[in-house]
Amino acid sequence: MWSYAGRRLLSVIPVLFGISLLVFIFLHLIPGDPAVVMLGERAGPERIAELRSKLGLERPLWEQYLLFVGNLLRGDLGTSIFNQLTINEQLARRWPATFELAIAATLFAVVIGIPFGILAAVRKNTLLDNLATSFSLLGVSLPVFWLGLLLVYLFAVNLQWLPAGGRLSIDVDAVFKPITGFYVLDGLFQPQSFWDVVRHLILPAMTLGTIPLAILTRITRGAMLEVLTQDYVRTARAKGQTERLVIWRHALKNALLPVVTIIGLQFGTLLGGAILTETIFSWPGIGSWIYEGILNRDYPVVQGGVIFVALVFVVVNLVVDLSYALLDPRIQYR
């Protein structure tokens, strides 16, 4: 298994180079000049040329890319054009917020989606099955930005049950002391702040987790329907085992492989697809950071953020692949 994991990790290298090249090309195809963005539209050509020279933007593109790749091989993702902070430093400050949000959204999807899919399969063609199918179709169809704004209007503006954005209230933020950057974890050591942290996490997690929830419901239902018609399930029922035991011990375990695959893919997608959610809820994570980088034409920010998300995506999928052996002993890695 370890040799397989090593080969998979080595295959990440060409993937990352390909991503870095594509991101670099597409970024430089976007109209706009970082120097003009920083100095404003009224800046004179001399000042713009001076700043472009200072930032190294006058060099040929191939030279800029090779410089970027050289720094990347040394673990240096560069420095922001806009605020002159290193990308590594900003990533270290922002990734816990995005990971915490992605984990909460995944838990929201798994805890509701898998039981809902199992019930829909067990009670096929009933009202519950039709509700699950309709709900999953609706969940996949709803645009994230529209759902986020709707939840804010309903729960934050009208009912005033939950905050509309941010990770902490102003008064709590003044006394809260981040330890790991994962505020839920840090809140366990500061009980007076814990509930405020959780309240700020609920709406973004619901918004981000709705599409994965709908997908998981459909995948679980489909996988369970297929497994429930297998001979070993009929044999288990013929032996007199209870329906609950048949479902949980024989059917669900064998239906989990496609479900786990989808969970892994969705978690990776949530990390990179949180831009809209983080922007709507003023969530200080990687998504909103990359969005600001695109607006400011801050090339190192976008390149560093995308490569970091791609690396995490590949590692998460590797972990999912390795977990197959735990779920199905027939799978062996060579």
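Notes on the structure follow. Since we're looking at a predicted model, the values are computed, not measured.

**Remarks on the nonpolar core**
In terms of nonpolar packing, the biggest core is built from 41 residues, with Ile87, Leu91, Leu101, Leu208, Leu271, Ile286 and Trp289 touching the most fellow members. When residues in this core are grouped by element, the largest group, nine residues, is from helix H16 (residues 299-327). Sequence-distant contacts of leucine 91, defined by excluding residues within four places in its chain, comprise Leu77, Pro96, Ile286, Trp289, Gly304 and Phe308. One finds Met224, Leu228, Val233 and Ala251 within the second-largest nonpolar core, a separate group that totals 19 residues.

**Some details on a nonpolar patch on the surface**
Together, Leu21, Leu22, Ile25, Phe26 and Leu29 give the surface a local cluster of nonpolar side chains, amounting to about 500 Å² of exposed area. Mapping leucine 21 onto the fold places it in helix H2 (residues 12-29). Under the relative-accessibility criterion, leucine 21 is labelled partly exposed at 38%.

**A word on unusual backbone geometry**
Even without a glycine there, the phi angle at asparagine 125 is positive, about 65°. Mapped onto the secondary structure, asparagine 125 falls in the loop between helix H6 (87-122) and helix H7 (127-141).

**Here's the deal with the side chain of arginine 167**
In this fold, arginine 167 is placed in the loop between helix H8 (144-158) and helix H9 (170-175). With a relative accessible area of 8%, arginine 167 lands in the buried category. Among the polar contacts made by the side chain of arginine 167, one reaches the side chain of glutamate 100 at a distance of 2.8 Å. Here glycine 181 takes part through its backbone oxygen, which lies 3.1 Å from a polar atom of the side chain of arginine 167.

**Quick look at the pattern of salt bridges**
As enumerated under the stated definition, the model contains four salt bridges in all. A salt bridge links arginine 167 to glutamate 100, with the shortest nitrogen-to-oxygen separation between them at 2.8 Å. Taken together, the residues arginine 167 in the loop between H8 and H9 and glutamate 100 in helix H6 connect sequence positions 67 residues apart. With a shortest N-O distance of 2.6 Å, arginine 237 and glutamate 243 are connected by a salt bridge. Residue classification places glutamate 243 among the partly exposed residues on the basis of a relative accessible area of 35%.

**Some points on the packing of aromatic side chains**
All chains considered together, the criterion is met by seven aromatic pairs. An angle of 80° between the planes, with centres 6.3 Å apart, marks the rings of phenylalanine 99 and phenylalanine 267 as edge-to-face. Placement of the pair is phenylalanine 99 in helix H6 and phenylalanine 267 in helix H13 (residues 243-272), with a sequence separation of 168 residues. We note that phenylalanine 99, like phenylalanine 267, is buried. Note on phenylalanine 176 and tyrosine 183: the rings are 4.8 Å apart at their centroids and 55° apart in plane angle, and the pair reads as tilted. Summarising the burial analysis for this pair, phenylalanine 176 and tyrosine 183 share the class buried. Taken together through their ring pairs, the aromatic side chains of Trp95, Phe99, Phe182 and Phe267 make up a single cluster.

**Re the environment of valine 309**
Within the secondary structure, valine 309 sits in helix H16. Of the residues examined, valine 309 reaches a relative accessible area of 15% and is grouped as buried. The spacing of valine 309 and tryptophan 95 is 214 residues in sequence and 9.5 Å in space, taken between C-alpha atoms.

**Thoughts on the packing of H7 against helix H11 (residues 191-227)**
In contact at an axis separation of 8 Å, H7 and H11 are set at 140° when each is read in the N-to-C sense. Judged on the interaxial angle alone, H11 and H7 are oblique. Crossing hand, H7 versus H11: left-handed. Touching Asp129, Ala132, Thr133, Phe135, Ser136, Leu137, Gly139 and Val140 of H7 are Thr210, Ile211, Leu213, Ala214, Ile215, Thr217, Arg218 and Arg221, all from H11.

The rules behind these values
Residues numbered from 1 in each chain as written. Predicted model: local features only at pLDDT ≥ 70, side-chain atom pairs only at ≥ 80, totals over all residues. Heavy atoms only, no water. Core = buried A, V, L, I, M, F, W, Y, C linked by side-chain atoms within 4.5 Å. Buried < 20%, exposed > 50% of the residue type's maximum accessible area, 1.4 Å probe, protein only. Helix = DSSP H or I, 4+ residues; strand = E, 2+ residues; numbered from the N terminus. Contact = heavy atoms within 4.5 Å. Patch = residues over 30% accessible without salt bridge, like charges linked within 9 Å, V, L, I, M, F, W, Y side chains within 5 Å. Areas by Shrake-Rupley, 256 points an atom, 1.4 Å probe, with all protein chains shown as cover. Salt bridge = Lys/Arg side-chain N within 4 Å of Asp/Glu carboxyl O. Polar contact = N/O pair within 3.5 Å; in protein donor to acceptor, adjacent residues only side chain to side chain. Phe/Tyr/Trp six-rings, centres within 6.5 Å; stacked < 30°, edge-to-face > 60°. Axes fitted to C-alpha atoms, helices over the stretch in contact; angles between N-to-C directions. Parallel < 35°, antiparallel > 145°, perpendicular 65-115°, else oblique. Left-handed = near helix turned anticlockwise from the far one by under 90°.

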